[in-house]
Number of protein chains: 2
Amino acid sequence: MSKVRFDIAMSLDGYVAGPGQSEENPLGIGGEELHQWAFKLASWREAHGREGGEVNASSEVVAESQTGLGATIMGRNMFGGGPGPWGDDPWNGWWGDEPPFHRPVFVLTHHEREPLTLGETTFTFVTDGIESALAHAREAAGEQDVHIAGGAEVAQQYLAAGLVDEMQLSLVPVLLGGGERLLENFGDSPPQLEQLRVIEAPGVTHLKYRVLK
Amino acid sequence: MSKVRFDIAMSLDGYVAGPGQSEENPLGIGGEELHQWAFKLASWREAHGREGGEVNASSEVVAESQTGLGATIMGRNMFGGGPGPWGDDPWNGWWGDEPPFHRPVFVLTHHEREPLTLGETTFTFVTDGIESALAHAREAAGEQDVHIAGGAEVAQQYLAAGLVDEMQLSLVPVLLGGGERLLENFGDSPPQLEQLRVIEAPGVTHLKYRVLK
């Protein structure tokens, strides 16, 4: 059964990015601490051309989260290149000629643009909102899952709209004291959650929840 | 080795009490949802004169948290009776003639009062601050642990002062959307944490952290 899901690292005080986010510092001050557990993994290091690293309980969690995905949705900020119209020599993403997705990616933006194919990944730019992007992604994904890659604001919008089936929070024992929160701005009808699974790993706890409709 | 520790239930969005706290509704709106996992336990029901209930992974966590305690510290709000001087016919706590502590309890207050003994529990009222209360509690506890019972504001003060050794957060999959947070107001030097243990239980995840000095 196809699901809509996302995974995100969160500090114990609820932040998914630190304060003072900028183009130079997209994770905000201290935000890198949210990902130290991942940077240590052999699988992460291998994917980034490095040797060594650990294999621990997080390895399987990460592998699982990247399996069975048929399409990805991301926000314009995550795709990058700054705000505004795309221009004549548009930004083509952070990932070079062979982006690691190998599946259709739908980019939420206010500015129209023709689809962009790089290697096995096609980026389609969607200007008519999150529900439209999800409809495209569902169709592209078929029986596989739709992955909301981020940023946090996009994940929050999908959560608030009741369009997410499952989320995994990788809870990191750090207090950032400020920054961007995922779990807020839901008004009077916050998502109802059911705890599905908890995995303890070095320096992080992976908490998986079903989002009830 | 004697430790200073506390346990507290927290929503996934970081609240330890809901919005709109009052004397009639001390947990705030929705705050009772933070404790449903505990209310279902046979041990909780037995302690409150009821039959039935569940035995699950939380049972052992709760039993452990109540073991090895030599003294308790609580705030005036938790002791109850409203703010201000104690008066001629003072409030004697929520717990009747046989409070369940059976150990010395130190109550933080701005208003002097003679010690109060009820059953096997003596309440000592401390007016010169959290460090003084902790010194009294440590002396009373001997080799046993000092328990910070609450409320959240008191636990936060001890955390901010670097006086806590261990905390257990019972993380509940509910979003309260407002209320009182535990993990804030630490300024530029938030507590540094080390994840010690994670226990998954029905409707809750018990996360234990060491607080580094």
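That block above? That's the structure.
Residue numbers restart at each chain and count upward from 1, following the sequence in its written direction. Each chain gets a letter, beginning with A, and each ligand a number, beginning with 1, in the order they are written. At least 70 in pLDDT is required for a residue's local features to be given in this predicted model, at least 80 for side-chain atom pairs to be given and counted, and no such filter applies to totals for whole chains, interfaces and linings, which use all residues. Side-chain numbers come from the whole structure's heavy atoms, not from hydrogens or water.

## Some thoughts on the overall build of chain A
In this text, helices come from DSSP runs of H or I with a minimum length of four residues, and strands from runs of E with a minimum of two, each type numbered from the N-terminal end. From N to C terminus, chain A includes 6 helices and 11 strands. Its C-alpha atoms give chain A a radius of gyration of 17 Å, within 12% of the compact-globule value 17 Å for 213 residues. Expressed along its principal axes, the backbone C-alpha trace of chain A runs to roughly 45 × 45 × 35 Å. For every residue, the accessible area (1.4 Å probe, protein chains only) is compared with the maximum for its type, and the residue is labelled buried under 20%, exposed over 50%, or partly exposed between those bounds. Within chain A, the fraction of its 213 residues that count as buried is 49%. For this analysis, residues touch if any pair of their heavy atoms sits within 4.5 Å. For chain A, contacts bridging at least 24 residues in sequence account for 64% of all contacts bridging at least 6. All tallies of charge rest on Lys and Arg as positive and Asp and Glu as negative; His and the ends of each chain are not included. All charge positions are set by atom: Lys at NZ, Arg at CZ, Asp at CG, Glu at CD. Separation of charge centres in chain A, based on 14 positive and 31 negative side chains, amounts to 5 Å. Our radius of gyration looks at C-alpha atoms and nothing else; its globule reference is 2.2 Å times the residue count to the power 0.38.

## Structural notes on the sheet that holds strand β8 (residues 166–172) of chain B
Residues and elements named next belong to chain B. In this description, strands pair whenever DSSP reports at least two bridges between them. Spatially, the 9 strands line up as an open sheet ordered β5-β6-β4-β3-β7-β1-β8-β11-β10, and their pairing is mixed. Edge positions in the sheet fall to β5 (116–118) and β10 (192–201), since each has one partner strand and no second. Taken over all neighbouring pairs, the strand axes of this sheet differ in orientation by 25 degrees on average, direction set aside. The pairing of strand β4 (residues 105–108) with strand β6 (residues 121–126) spans 4 bridges and is classified as parallel. Among the inter-strand pairings, Leu 108 is bridged to a residue of β6, identified as Val 126. Orientation is described by axes fitted as lines to C-alpha atoms, over the contacting stretch for helices, and by angles from 0 to 180 degrees between their N-to-C directions. Helix α5 (residues 130–141) contacts β1 (4–11), β3 (69–75), β4, β6 and β7 (145–150) of the sheet and is inclined by roughly 160 degrees relative to β3.

## A look at the relation of the copies chain A and chain B
We superpose the copies by least squares over the C-alpha atoms of residues that have a pLDDT of at least 70 in both of them. With an RMSD of 0.0 Å, the fit of chain A onto chain B corresponds to turning through 180 degrees and sliding 0.0 Å along the axis. Taken together, the rotation and translation describe the operation of a two-fold axis. Closest to the rotation axis within chain A is the C-alpha of A:Gly14, separated from it by 3.2 Å. Same-surface contact between copies: 100% of interface residues of chain A are shared with the interface of chain B.

## A closer look at the nonpolar core
Only buried residues count toward a nonpolar core, which is a set of Ala, Val, Leu, Ile, Met, Phe, Trp, Tyr and Cys residues joined through side-chain atoms within 4.5 Å. The biggest cluster of nonpolar side chains holds 74 residues, and the ones touching the most others in it are A:Tyr158, A:Leu183, B:Tyr158 and B:Leu183. Residues in contact with A:Leu183, not counting those within four places in the same chain, are A:Met10, A:Leu159, A:Met167, A:Leu169, B:Leu12, B:Asp13 and B:Leu175.

## Description of the sheet that holds strand β10 (residues 192–201) of chain A
Residues and elements named next belong to chain A. Reading across the sheet, the 9 strands line up as β5-β6-β4-β3-β7-β1-β8-β11-β10 and stay open at both edges, with mixed pairing between neighbours. Each edge of the open sheet carries a strand with a single partner, namely β5 (116–118) and β10. Across the sheet, the axes of successive neighbouring strands diverge by a mean angle of 25 degrees, strand direction being ignored. Docked against the sheet, helix α3 (residues 57–65) engages β1 (4–11), β3 (69–75), β8 (166–172), β10 and β11 (204–212), running at close to 135 degrees with respect to β10. Against the sheet, helix α6 (residues 152–160) contacts β1, β3, β4 (105–108), β7 (145–150), β8 and β11, and its axis sits at roughly 135 degrees relative to β7.

## Things to note about the packing of aromatic side chains
Pairing of aromatic side chains requires ring centres within 6.5 Å, counting the rings of Phe and Tyr and the six-membered ring of Trp. Pairs whose planes differ by under 30 degrees are stacked, by over 60 edge-to-face, and all others tilted. Applying the stated criterion across every chain yields a total of 20 aromatic pairs over all chains. Ring centres 6.1 Å apart and planes at 85 degrees place the aromatic pair B:Phe101 and B:Phe123 in the edge-to-face group. With B:Phe101 in the loop between α4 (76–79) and β4 and B:Phe123 in strand β6, this pair connects stretches of sequence that are 22 residues apart. B:Phe123 shares its class with B:Phe101; the two are buried. Through pairs of rings, three or more aromatic residues link up here, namely A:Phe79, A:Trp86, A:Trp95, A:Phe101, A:Phe123 and A:Phe125. Definition used: whenever NZ (Lys) or CZ (Arg) falls within 6 Å of the ring centre and also within 35 degrees of the ring normal, the charge is taken to sit over that ring. If you follow B:Arg76 out to its NZ or CZ, it ends over the ring of B:Trp86, 3.6 Å from the centre.

## Points about the interface of chain A and chain B
Opposite the 25 residues of chain A that make contact, chain B presents 25 residues. When two components associate, each loses some accessible surface as probed by a 1.4 Å sphere; the sum of these losses over both components is called the buried area. Between chain A and chain B the total buried area reaches about 2,000 Å² when both faces are included, carbon and sulfur atoms providing 60% of it. Per-residue buried area on chain A facing chain B is highest for A:Leu12, A:Leu175 and A:Gln195; these three make up 31% of the total on that side. Basic side-chain nitrogens of Lys or Arg form a salt bridge, by our definition, when they fall within 4 Å of a carboxyl oxygen of Asp or Glu. The interface formed by chain A and chain B contains 0 salt bridges. Residue assignment for the side of chain A that touches chain B shows that the elements contributing at least two residues are β8, β10 and β11 of chain A. Residues are grouped as follows: Ala, Val, Leu, Ile, Met, Phe, Trp, Tyr, Cys and Pro are nonpolar; Asp, Glu, Lys and Arg are charged; all remaining types, including Gly, are polar. When grouped by side-chain class, the residues that make up the side of chain A that touches chain B number 18 nonpolar, 3 polar and 4 charged.

## Description of the environment of A:Ala17
All names here are of chain A. Its place among the elements puts Ala 17 in strand β2 (residues 15–17). Spatially, the C-alpha atom of Ala 17 lies 7.3 Å from that of Arg 181, the residues being 164 residues apart in sequence. Aside from chain neighbours lying at most four places away, what touches Ala 17 is Leu 27, Leu 34, Leu 176, Gly 178, Gly 179 and Glu 180.

## Looking at helix α3 (residues 57–65) of chain B
All names here are of chain B. Three or more residues of α3 are buried, namely Ser 58, Ser 59, Val 61, Val 62 and Ser 65. When α3 is viewed along its axis, its buried side chains cluster within an angular range of 165 degrees and face the same direction. The inward-facing, buried residues of α3 contact β1, α1 (36–39), β3, β8, β10 and β11 (204–212). We call two N or O atoms a polar contact when they sit within 3.5 Å, provided that within protein one can donate a hydrogen and the other can accept it, with sequence-adjacent residues counted only if both atoms are side-chain atoms. Between a side-chain oxygen at the N-terminus of α3 and the backbone nitrogen of Ser 58 the separation is 2.7 Å; the capping residue is Asn 56. Here, the arc refers to the directions that run from the helix axis to the C-beta atoms.

## Details of the environment of B:Trp86
Residue and element names in this part refer to chain B. Secondary-structure assignment places Trp 86 in the loop between α4 and β4. The spacing of Trp 86 and Glu 112 is 26 residues in sequence and 8.1 Å in space, taken between C-alpha atoms. For Trp 86, the contacting residues outside a window of four places in its chain are Arg 76, Phe 79, Gly 80, Trp 91, Thr 109, His 111, Glu 112, Arg 113 and Phe 125. Engagement of the side chain of Trp 86 in a polar contact is seen with the backbone oxygen of His 111, the distance being 2.8 Å.

## Concerning helix α5 (residues 130–141) of chain A
Residues and elements named next belong to chain A. Given a helix with a known number of residues, its expected span is that number minus one, times 1.5 Å. Its 12 residues give α5 an end-to-end C-alpha distance of 16 Å, which sits within 8% of 16 Å, the value for a rise of 1.5 Å per residue. Of the positions making up α5, those classed as buried are Ile 130, Ser 132, Ala 133, Leu 134, Ala 137 and Ala 141. Structurally, α5 contributes buried residues whose contacts are with β1, β3, β4, β6 (121–126), β7 and α6. Phi turns positive, to about 60 degrees, at Gly 142, one or two residues after α5.

Limitation: the analysis is restricted to geometry and does not speak to function.
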